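Letter by letter, the chains look like this.
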Amino acid sequence: MSNRPEHTEPTPWPERLKAAVPTPLRRLVGHELRIVLSLALWMTRRQHGVDRTAGERAYGHARGQAPIMYGLTFVCVVEAFGMAVLLRDHPTAHAVMLVVDVYGVILMIGIHAASVTRPHVLSPDALRVRQGAHRDLRIPLALVAAVRAERLFTHEPADGVLDLPVASTTSITLRLTEPVTAVGLLGKRREVTTVRLQADDPAQLLATLKEQLTARSADRHHTGAN
């Protein structure tokens, strides 16, 4: 009998890297990459995750935050210019702050670009709700018990409720028959049965969503009757 140890396949390097890097850090890096990708999509006037050939429809949610984001970007540019003047006699500090300030400007623009290029998506069987590059949740239409227009400007944390405000505002509330799992920016998972979201044109999204829910209900009754 041989005493040689059994040969085992080496663990692929992506799996080793995944095990070595904490989940929050990996998700933060992924978030930054999504922001960079969103900038590229924005410049080419494309949208992420919208397949119109499959009957999917996109509903934007970035309009309300545009003035705020452009204002913050302007402040970052002014700050960068001010720091460049103050540190003009300190080359090393000036170089470090320049990198930080440029990154800040790119981040501000990228956050808004992510909201523009990652709209809510309504498909024949699901509603994909998003909040820029931060949140992405697919809700099967079969689980939607009720949907209504509800404009809210304050959102107190509550169990089972997921708020996706834009400029502190949500305009549509979904009630679900069963919980769905929402994953946070750093990987925290929670079960939610109520989702509140914002849309640039909530009336249009609400009307189309109700139309699809009604059609699905009629199909179920027709199938049951047969």
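Above: the structure in question.
Let us look at the structure shown here. (Residues numbered from 1 in each chain as written. Predicted model: local features only at pLDDT ≥ 70, side-chain atom pairs only at ≥ 80, totals over all residues. Heavy atoms only, no water.)

1. What about the layout of surface pockets?
Here the largest pocket is characterised by a volume of approximately 150 Å³. Around the largest pocket sit R27, R34, R118, R130, G132, A133, H134, R135, D136, V183 and L185, which together line it. Secondary-structure elements contributing two or more residues to the lining of the largest pocket are α2 (23-43) and β4 (135-140). Grouping the amino acids of the lining of the largest pocket by side-chain chemistry returns 3 nonpolar, 2 polar and 6 charged. (1 Å grid on protein atoms, 1.4 Å probe; cavity = no way out; pocket = protein on both sides within 12 Å on 5 of 7 lines; lining within 4 Å. Points joined across faces, edges and corners; volume = space filled by probe spheres on them. Helix = DSSP H or I, 4+ residues; strand = E, 2+ residues; numbered from the N terminus. Nonpolar A, V, L, I, M, F, W, Y, C, P; charged D, E, K, R; others polar.)

2. A short note on the sheet that holds strand β2 (residues 120-122)
Here 4 strands make up an open sheet; going across it, the order is β1-β2-β3-β4 and the pairing antiparallel. Because the sheet does not close on itself, it has two edges, and the strands there are β1 (57-59) and β4. Put simply, the sheet's adjacent strands are angled 15° from each other on average, direction ignored. With 6 bridges connecting them, strand β3 (residues 126-131) and β4 associate as antiparallel partners. Following the sheet pairing, Q131 is matched in β4 by R135. (Pairing = 2+ DSSP bridges. Axes fitted to C-alpha atoms, helices over the stretch in contact; angles between N-to-C directions.)

3. Topic: the nonpolar core
Judged by nonpolar contacts, the single largest core of 25 residues is most densely connected at L127, V129, I139, L174, V195 and L209. Those elements that place two or more of their residues in this core are β3, β4, β5 (144-152), β6 (161-164), β7 (170-183), β8 (189-197) and α5 (202-225). For this core, the leading source of residues is β7, giving 5 residues. If sequence neighbours within four positions are ignored, V129 has contacts with H120, R135, D136, L137, I139, L164, V195 and L197. (Core = buried A, V, L, I, M, F, W, Y, C linked by side-chain atoms within 4.5 Å. Buried < 20%, exposed > 50% of the residue type's maximum accessible area, 1.4 Å probe, protein only. Contact = heavy atoms within 4.5 Å.)

4. Observations regarding helix α4 (residues 91-117)
Here α4 spans 38 Å end to end across 27 residues, near enough to the 39 Å set by a 1.5 Å rise per residue. Listed as buried for α4 are D101, G104, V105, G110, H112, A113, A114, S115 and T117. Against the buried residues of α4 lie α2 and α3 (66-86). (Expected span 1.5 Å × (residues − 1).)

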